[in-house]
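Here is how the chains run, residue by residue.
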Amino acid sequence: MSIKLAVFDIAGTTVADQHVVADAFCKAFKSYGYDGIKKDDVKPLMGYKKPEAIRMVLKNIGADPSDELVEKIHVEFVNAMVDHYEYSPEVKAMPPAENVFRQLKEKGIRIALNTGFSRDIADVIVSRLQWKEKGLIDDYIASDEVEAGRPQPFMIQTLMQR
């Protein structure tokens, strides 16, 4: 059986991440009075749908994870991430990522990305790096486009169907 599709994560795998995601999570919590959230509290949840990760952190610290609070923290997080990925000079592909994409494409393997981010953040990243325009990726999916993000297989299954 030949490989037809390779799926890669975004932040920290194909896109350089100097703990920006974890920092944005901590800042979003802090903006709503949760000062004690540390990077180590959120790092294990990076692949999850971000609202679910926020809910899990709130539960872990004994706070009420109401839908309203989760949404407010998530909006704060999304705004910080969109701003970072759109404007920061630090945003760049991991050094080997584009070469790996090219080598796989030369072998006829389709390239897709999946992410625990929402689609609005993923769109900014893919647009900024121009990976679709360069022909380096065929598709991408975000966790808010499926029933559940990682560790569930729905993102990869959807990419396979496409």
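None of the values given here were measured: they were computed from a predicted structure.

Peer 1: Would you mind going over the overall build of the chain with me for this structure?
Peer 2: Of regular secondary structure, the chain possesses seven helices and three strands. Listing every helix and strand of the chain by position from the N terminus yields β-α-α-α-α-α-β-α-β-α. Structurally, the chain occupies a C-alpha span of about 50 × 35 × 25 Å along its principal axes. Evaluated residue by residue, the chain yields a buried proportion of 43% over its 162 residues.

Peer 1: Honestly, the side chain of histidine 84 in this entry has me stumped. Any pointers?
Peer 2: Within the element layout of this structure, histidine 84 appears in helix 4 (residues 67-87). If we ignore the near neighbours within four places in the chain, the residues touching histidine 84 are Val20, Glu90, Val91 and Arg128.

Peer 1: Can you walk me through the pattern of salt bridges in this structure?
Peer 2: Side-chain pairing between opposite charges can occur once the charged atoms of the two side chains come close. Throughout the structure, instances matching the rule amount to eleven salt bridges. Across the salt bridge formed by arginine 119 and glutamate 145, the nearest N and O atoms sit 3.0 Å from each other. Of the two residues, arginine 119 sits in helix 6 (residues 119-129) while glutamate 145 sits in the loop between strand 3 (139-142) and helix 7 (154-161), which places them 26 residues apart along the sequence. Here glutamate 145 ties to arginine 162 by a salt bridge, and the two come within 3.5 Å at their closest N and O atoms. With glutamate 145 in the loop between strand 3 and helix 7 and arginine 162 in the segment after helix 7, the pair connects residues that are 17 residues apart, well separated along the chain.

Peer 1: Any chance you could explain helix 6 here in plain terms?
Peer 2: In an α-helix, one turn spans 3.6 residues; hence positions three or four apart end up facing the same way. Taken together, the buried positions of helix 6 are occupied by Ile121, Ala122, Val124, Ile125, Val126 and Leu129. Buried positions along helix 6 lie against helix 4, helix 5 (97-106), strand 2 (110-115) and strand 3. With its phi angle positive at about 55°, glutamine 130 sits one or two positions after the end of helix 6.

Peer 1: Even after reading the chapter, I still don't get the confidence of the model for the chain, so can you show me in this structure?
Peer 2: Residue-level pLDDT values for the chain average 91, and 99% of them are 70 or greater. Across the chain, the secondary-structure element scoring lowest on mean pLDDT is helix 2 (residues 39-42), at 80, and the one scoring highest is helix 5, at 97.

Peer 1: So what exactly am I meant to see when it comes to the packing of helix 4 against helix 6 here?
Peer 2: Helix-helix packing: each pair is described by the crossing angle between the helix axes and the interaxial distance. Taken N-terminus to C-terminus, the directions of helix 4 and helix 6 make an angle of 5°; their axes are 9 Å apart at the nearest point. In terms of orientation, helix 4 lies roughly parallel with respect to helix 6. Contacts from Phe77, Val78, Met81, Val82, His84, Tyr85, Glu86 and Tyr87 in helix 4 reach Asp120, Ile121, Val124, Ile125 and Arg128 in helix 6. The residue inventory of the contact of helix 4 with helix 6, partitioned by class, reads nine nonpolar, one polar and three charged.

Calculation rules
Position numbers for residues count from 1 along each chain, tracking the sequence in the order it is written. Since the coordinates come from a predicted model, pLDDT governs what is reported: local features require at least 70, and pairs of side-chain atoms require 80 or more to be given and counted, while whole-chain, interface and lining totals use all residues. Hydrogens and water are ignored here; the side-chain numbers use all heavy atoms of the structure. A run of H or I in DSSP counts as a helix once it spans at least four residues, and a run of E counts as a strand once it spans at least two, with each numbered from the N terminus. Partly exposed residues are those whose accessible area sits between 20% and 50% of the maximum for their type, while under 20% is buried and over 50% is exposed, using a 1.4 Å probe and protein chains only. In this analysis, two residues are considered to be in contact whenever any of their non-hydrogen atoms come within 4.5 Å of each other. What counts as a salt bridge is simple: a side-chain nitrogen of Lys or Arg found within 4 Å of a carboxyl oxygen of Asp or Glu. Every residue carries a pLDDT, the predictor's confidence in it, which falls somewhere between 0 and 100. Orientation is described by axes fitted as lines to C-alpha atoms, over the contacting stretch for helices, and by angles from 0 to 180 degrees between their N-to-C directions. Roughly parallel means an angle under 35 degrees; roughly antiparallel, over 145; roughly perpendicular, 65 to 115; everything else is oblique. Residues were grouped as follows: Ala, Val, Leu, Ile, Met, Phe, Trp, Tyr, Cys and Pro as nonpolar; Asp, Glu, Lys and Arg as charged; and all remaining residues, including Gly, as polar.

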